[in-house]
Number of protein chains: 2
Amino acid sequence: MPPESLTPERILEATEEVLRRYGPAKATVVDVARALGVSHGSVYRHFRTKTALREAVTARWLDRTSQQLSGIVTEQGPAAERLDRWLTALFEAKRHKAGDDPELFATYMALIGESGGVVDRHVTDLESQLTRIIEDGVDEGTFQTPSPAVTARAVFDATGRFHDPCYAAEWSRPEITADFEAVRDLVLRGLRPAPTGRADRT
Amino acid sequence: MPPESLTPERILEATEEVLRRYGPAKATVVDVARALGVSHGSVYRHFRTKTALREAVTARWLDRTSQQLSGIVTEQGPAAERLDRWLTALFEAKRHKAGDDPELFATYMALIGESGGVVDRHVTDLESQLTRIIEDGVDEGTFQTPSPAVTARAVFDATGRFHDPCYAAEWSRPEITADFEAVRDLVLRGLRPAPTGRADRT
């Protein structure tokens, strides 16, 4: 392969494929280099350590979800509807990741166990998206909260059953959709302004 | 030991102690009988199988929490305050179980993994308690929901981060109390009646 075509993205693609084939315990940088037809030195030129490579491929996998969701943040329309769509899309994305390719999902769960920092950044990213939607709702007067960031974290935590991988086994149960809708409705109601008569929206 | 003093409760106490000492993988009914100074036949007279004994000791451990909480359900006072106390007490109880005796907690986590049915009954029990508090709030006019049982389940799910053992590792983090309060506030706000004053919200 000509050196200029060995991009980080190509290395990460190959890494995912190697992880899928050999599993996270056995996959090595040499396997990745071999899959790309390059020396392992060429891979190390882009990712200095095996850990850096594994973290980058995990971040890429998690970023696919945040990128899908980021479009909803900047859409037009009432904040409550966008929040609903965002939570639904997050659940759908996670459910698909877990259900469509369970082996790759298990692989990434193992990688995530190795590196808390990558997940923390992912959660911070998702909570920032939620914060922006909630701020829009406060500006519209349809949401009320003294701190959109604190409330965003609460919304994220309250919906954990529908995005946290520790619940992945439950996402294929038939009643999970009704459970999700009940939590989503509770959360959306919790964002409404307090009913304090008519002076409640300024 | 005179046979009449061999009560189910004494057997379960001894079982817990044996599980703590040998771990769930190694503990046997013979160990329990030996700890009580009785034959294993005497133990089997009360619990027909090793599985039945392990399920009973797990149920007893879980029931300690539900019994602590049941007092709050029947207390006097506004439903919102009781719901707050109930959620706080559940979090406290779980946090103590996980933090005060991590080895016993890990033992019960292993037992729970063996027997989903015991946990399902525990969750049903807790959700029934929540349903009663929410029904009281609907009667008072401070909560609004078409289905207290569905909402009870949503409240339970939404607060999972603060009672589901899969989060036990996070319960010792300093920020967890603020996280809990933010979710609790969101949930309590979500139970308030819809503002029906002005025609601007339909």
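Small disclaimer: the values here were computed from a predicted structure and weren't measured.

A. Representation of the overall build of chain A in the model. For chain A, the helix and strand inventory stands at nine helices and zero strands. Along chain A, helices (α) and strands (β) appear in the sequence α-α-α-α-α-α-α-α-α when read from the amino end. Structurally, chain A occupies a C-alpha span of about 70 × 35 × 25 Å along its principal axes. Evaluated residue by residue, chain A yields a buried proportion of 48% over its 202 residues. Summarising the internal contacts of chain A: among those between residues at least 6 apart in sequence, 68% fall at separations of at least 24. A total of about 9800 Å² of accessible surface is found on chain A, and carbon and sulfur atoms cover 53% of it.

B. Structural context of the pattern of salt bridges. Tallied over the entire structure, the rule returns 32 salt bridges over all chains. Among the ionic pairs, Glu-92 of chain A bridges to Arg-95 of chain A, the shortest N-O distance being 2.7 Å. With Glu-92 of chain A and Arg-95 of chain A both in helix 5 (residues 79-100) and three residues apart, the pair spans about one turn of that helix. Note on Arg-95 of chain A: relative accessible area 22%, which makes it partly exposed. Between Arg-20 of chain B and Glu-17 of chain B there is a salt bridge whose closest N-O contact spans 3.4 Å. A residue pair is termed a helical-turn pair when its members lie 3 or 4 positions apart in one helix, as Arg-20 of chain B and Glu-17 of chain B do in helix 1 (residues 8-22) at three residues. A relative accessible area of 28% means that Arg-20 of chain B is categorised as partly exposed. The partly exposed category is assigned to Glu-17 of chain B, whose relative accessible area is 34%. Linked by salt bridges that have partners in common, Glu-9, Glu-16, Arg-60 and Arg-64 of chain A make up one network.

C. Summary view of the UniProt feature "domain: HTH tetR-type" (unreviewed entry) in chain A. Mapped onto the present numbering, the UniProt feature "domain: HTH tetR-type" (unreviewed entry) falls on residues 5-65 of chain A. In residues 5-65 of chain A, the share of helix is 75% and the share of strand is 0%. The end C-alpha atoms are 26 Å apart.

D. Molecular detail of the relation of the copies chain A and chain B. Superposition of chain A onto chain B requires a rotation of 180° combined with a translation of 0.0 Å along the rotation axis, giving an RMSD of 0.0 Å. Here the copies are linked by what is in effect a two-fold axis. Comparing contact sets, 97% of the residues at the interface of chain A also lie at the interface in chain B, consistent with an isologous, same-surface contact.

E. How the structure looks around the UniProt feature "DNA-binding region" (unreviewed entry) in chain A. UniProt annotation of "DNA-binding region" (unreviewed entry) refers to residues 28-47 of chain A when read in the numbering used here. Across residues 28-47 of chain A one finds 75% helix and 0% strand; the C-alpha atoms that close the span lie 13 Å apart.

About the criteria used
- Residues numbered from 1 in each chain as written.
- Chains lettered and ligands numbered in written order.
- Predicted model: local features only at pLDDT ≥ 70, side-chain atom pairs only at ≥ 80, totals over all residues.
- Heavy atoms only, no water.
- Helix = DSSP H or I, 4+ residues; strand = E, 2+ residues; numbered from the N terminus.
- Buried < 20%, exposed > 50% of the residue type's maximum accessible area, 1.4 Å probe, protein only.
- Contact = heavy atoms within 4.5 Å.
- Areas by Shrake-Rupley, 256 points an atom, 1.4 Å probe, with all protein chains shown as cover.
- Salt bridge = Lys/Arg side-chain N within 4 Å of Asp/Glu carboxyl O.
- UniProt positions renumbered as here; feature names shortened; annotations may be inferred.
- Least-squares fit on C-alpha atoms with pLDDT ≥ 70 in both.

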